[in-house]
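Architecture and fold: a report
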Amino acid sequence: QVQLVESGGGLVQAGGSGRLSCLASGFSVTFRNYAVAWFRQAPGKEREFVAGVSGAGRNTNYQDSVKGRFIISRDNAKNTVYLEMNSLAPEDTAVYYCAADLFGSGAGRGKYSYWGQGTQVTVSS
């Protein structure tokens, strides 16, 4: 059974930092074949793409609002993808989800078939 489990969310003060993790398990195909992305959904808003990374980790994509502040990376030996978040602002408050796309590139418009349950990130002003 495929599972993506996010962790690392919580309450952070504006200007602070945090790191989210996405642990994958149960894939019949090696994890390296999956691009993984982070999405987020704030209350009353649609879910939006935040950042994505290709299977080997060579290519990354970011939403404009997080460029220069967030860094996505992965450790395929640990089946884990990370999202390092810096200079957090209240508008970054959302539930953050990771999702996997077989043979994808990590772009926002990929076909993400597997999703985690999400982790809440709250940034206080």
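Structure: see above.
To keep things clear, this report deals only with the structure shown in the data block. (Residues numbered from 1 in each chain as written. Predicted model: local features only at pLDDT ≥ 70, side-chain atom pairs only at ≥ 80, totals over all residues. Heavy atoms only, no water.)

This part covers the packing of aromatic side chains. Overall, the coordinates contain eight aromatic pairs when judged by the stated rule. An angle of 70 degrees between the planes, with centres 6.2 Å apart, marks the rings of Tyr34 and Tyr114 as edge-to-face. One end of the pair, Tyr34, is in strand β4 (residues 34–41); the other, Tyr114, is in strand β10 (residues 114–115), and 80 residues separate them in sequence. Note on Tyr34: relative accessible area 3%, which makes it buried. On the numbers, 5.6 Å between centres and 75 degrees between planes, the contact of Phe39 with Phe49 is edge-to-face. Here Phe39 is found in strand β4, whereas its partner Phe49 is found in strand β5 (residues 48–53), with ten residues between them in sequence. Connected via pairs of aromatic rings, a cluster forms that spans Phe27, Phe31, Tyr34 and Tyr114. Stacked on the ring of Phe31, the Lys or Arg Arg74 has its end atom at 4.5 Å from the ring centre. (Phe/Tyr/Trp six-rings, centres within 6.5 Å; stacked < 30°, edge-to-face > 60°. Helix = DSSP H or I, 4+ residues; strand = E, 2+ residues; numbered from the N terminus. Buried < 20%, exposed > 50% of the residue type's maximum accessible area, 1.4 Å probe, protein only. Lys NZ or Arg CZ within 6 Å of the ring centre and 35° of its normal.)

This part covers the nonpolar core. Counting 27 residues, the largest nonpolar core has Trp38, Val50, Phe70, Val81, Leu83, Met85 and Tyr96 as the members making the most contacts within it. Mapped onto this core, the elements with two or more residues apiece are β3 (18–25), β4, β5, β7 (70–75), β8 (80–85), β9 (94–102) and β11 (119–124). Ranked by residue count, the leading element in this core is β9, at four residues. Among the nonpolar cores identified, the runner-up in size contains five residues, and Phe39, Phe49, Ala99 and Tyr112 belong to it. (Core = buried A, V, L, I, M, F, W, Y, C linked by side-chain atoms within 4.5 Å.)

You can see Gln63 is positioned in the loop between β6 (60–62) and β7. Side chain to side chain, Gln63 and Glu48 meet in a polar contact 3.2 Å long. Apart from residues no more than four positions distant in its own chain, Gln63 is found in contact with Arg40, Glu48, Phe49 and Val50. (Polar contact = N/O pair within 3.5 Å; in protein donor to acceptor, adjacent residues only side chain to side chain. Contact = heavy atoms within 4.5 Å.)

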